[in-house]
Amino acid sequence: MKSLFDAVSFKCSKLVTKNYSTSFSLAVHMLAPSIREAIYSIYGFVRFADEIVDSFHDYDKEHLINDFEKEYYKAMEMGISLNPILNSFQHTVKQYNITDDLIQAFLKSMKLDLIKSNYNTQTEYEDYIYGSADVVGLMCLKVFVSGKEQKYDQLKTEAMRLGSAFQKVNFLRDLKDDNLVLNRNYFPGINLNSFDENAKNAIIAEIEEDFRIAYQGIVKLPMEAKFGVYTAFVYYKKLLKKLKNTPYHQIGNARIRVSNYTKAGLLAQSFVTYKLKLV
């Protein structure tokens, strides 16, 4: 039965999420059960595309990402894909009216990772982040507001800033690997040779402003989504604080992470804050 295949497909997206990101998986689990599957399906789609351009070095990445895109549109047309990640995602796209411009912007940024190494201007930097992160926040927002356009329009800016903040934290944490392993530099005018404490602090100030604006949207989210999004917000804020307290020359020497013990504490703190309606 198709319904059984669809259920298996969504379980595959959940499995991808749990294996690739325990932190994001934890945040999704804090969402209402009614919307978890949709968010898992979005993560599965964006994670597979990201893995193609970042990890599959022994294969023809351009062919793989183009084939992934073609198979997605085939799934949209047919209403089914034998790739369970695409099958679950196309259901979510249709159910929550996720517009194609968001999909195309995301795939454009992924394809840029195959041909572009340096982002030399603020415009290039912002365009890449829009496609790689902001639109993912907007896809999730479509789910959070059940596809309601008026509520979506009210929260678009804040959702994009939260996506930006998450992506920039990842960029800062992975600065050395991006430069030395993937030969990429996302921050305009900054590389390993010019990176210093002032450069680090400027990036952190930019991220803190993103978080400040994003929080204004989190408090307006529907109850089904608020606790899960706030949990992710608190986790990334903690990660940013650790980066802020790490000397610039040590960033990238060891992966900065939040321990499981600390995550448990952050979850408890977030739950109390949420229950007391302080967010």
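This report concerns the structure included in the present document.

Rules used throughout
Residues numbered from 1 in each chain as written. Predicted model: local features only at pLDDT ≥ 70, side-chain atom pairs only at ≥ 80, totals over all residues. Heavy atoms only, no water. Helix = DSSP H or I, 4+ residues; strand = E, 2+ residues; numbered from the N terminus. Buried < 20%, exposed > 50% of the residue type's maximum accessible area, 1.4 Å probe, protein only. Contact = heavy atoms within 4.5 Å. Areas by Shrake-Rupley, 256 points an atom, 1.4 Å probe, with all protein chains shown as cover. Salt bridge = Lys/Arg side-chain N within 4 Å of Asp/Glu carboxyl O. Axes fitted to C-alpha atoms, helices over the stretch in contact; angles between N-to-C directions. Parallel < 35°, antiparallel > 145°, perpendicular 65-115°, else oblique. Left-handed = near helix turned anticlockwise from the far one by under 90°. Nonpolar A, V, L, I, M, F, W, Y, C, P; charged D, E, K, R; others polar. Patch = residues over 30% accessible without salt bridge, like charges linked within 9 Å, V, L, I, M, F, W, Y side chains within 5 Å. Core = buried A, V, L, I, M, F, W, Y, C linked by side-chain atoms within 4.5 Å. Phe/Tyr/Trp six-rings, centres within 6.5 Å; stacked < 30°, edge-to-face > 60°. Expected span 1.5 Å × (residues − 1). Bend = angle between axes of the 7 residues up to and from the residue.

Some thoughts on the overall build of the protein chain
- On a plain count of helices and strands, the protein chain comes out with 12 helices and 0 strands.
- When the helices and strands of the protein chain are placed in sequence order, the string is α-α-α-α-α-α-α-α-α-α-α-α.
- Counting over 279 residues, the protein chain shows a buried share of 50%.
- At a minimum sequence separation of 6, the contacts of the protein chain that also span at least 24 residues come to 68%.
- Entry remark: accessible area of the protein chain is about 13,800 Å², with carbon and sulfur atoms responsible for 53%.

So, the pattern of salt bridges
- If you walk through the whole model with that rule in mind, you get 16 salt bridges.
- We note a salt bridge from lysine 142 to glutamate 149, for which the minimum N-O separation is 2.7 Å.
- Judged by relative accessible area, glutamate 149 falls into the partly exposed class, the value being 35%.
- Aspartate 210 serves as the salt-bridge partner of arginine 161, at 2.6 Å between the closest nitrogen and oxygen. Of this pair, arginine 161 sits in helix H8 (residues 149–173) while aspartate 210 sits in helix H10 (residues 197–218), and the two are 49 residues apart along the sequence.
- Owing to a relative accessible area of 24%, arginine 161 belongs among the partly exposed residues under this scheme.
- Here aspartate 210 falls in the buried class, since its relative accessible area comes to 3%.
- Among the ionic contacts, a cluster of salt bridges with common partners joins Arg161, Lys168, Glu206 and Asp210.

Here we look at the packing of helix H4 (residues 61–78) against helix H5 (residues 84–95)
- Where H4 meets H5, the axes come as close as 9 Å, and the angle between the chain directions of the two elements is 55°. One finds that H4 runs oblique with respect to H5. Between H4 and H5 lies a crossing whose hand is right-handed. Residue-level inspection shows Phe68, Glu71, Tyr72, Ala75 and Met76 of H4 in contact with H5, the latter providing Leu86, Phe89, Gln90, Val93 and Lys94.
- Residue composition of the contact of H4 with H5, by class: 7 nonpolar, 1 polar and 2 charged.

Overview of a nonpolar patch on the surface
- A contiguous nonpolar patch, built from Met1, Leu4 and Val8 and spanning about 360 Å² of accessible area, is present on the exposed surface.
- Assignment of secondary structure puts leucine 4 in helix H1 (residues 2–20).

Notes on the side chain of threonine 17
- Along the chain, the position of threonine 17 falls in helix H1.
- Judged by its relative accessible area of 0%, threonine 17 is buried.

Description of the nonpolar core
- Core analysis: the biggest nonpolar cluster contains 76 residues, and Ile42, Phe45, Ile103, Phe106, Met139, Phe144 and Phe211 have the highest contact counts within it.
- The biggest single contributor to this core is helix H7 (residues 122–144), with 12 residues.
- For phenylalanine 144, the residues in contact, after removing those within four places along its chain, are Leu31, Ile35, Ile39, Leu221, Pro222, Ala225 and Val229.

What to know about the packing of aromatic side chains
- The full count for this structure, using the stated rule, is 21 aromatic pairs.
- The interplanar angle of 65° and the centroid separation of 4.8 Å between the aromatic rings of tyrosine 72 and tyrosine 73 together place this pair among those described as edge-to-face.
- Note on tyrosine 230 and phenylalanine 233: the rings are 6.0 Å apart at their centroids and 20° apart in plane angle, and the pair reads as stacked. Here phenylalanine 233 and tyrosine 230 lie together in helix H11 (residues 223–244), a separation of 3 residues that amounts to about one turn. Considered together, tyrosine 230 and phenylalanine 233 belong to a single accessibility category, that of buried residues.

Structural notes on H8
- Here H8 spans 35 Å end to end across 25 residues, near enough to the 36 Å set by a 1.5 Å rise per residue.
- Along H8, the largest kink reaches about 50° and is centred on leucine 155.

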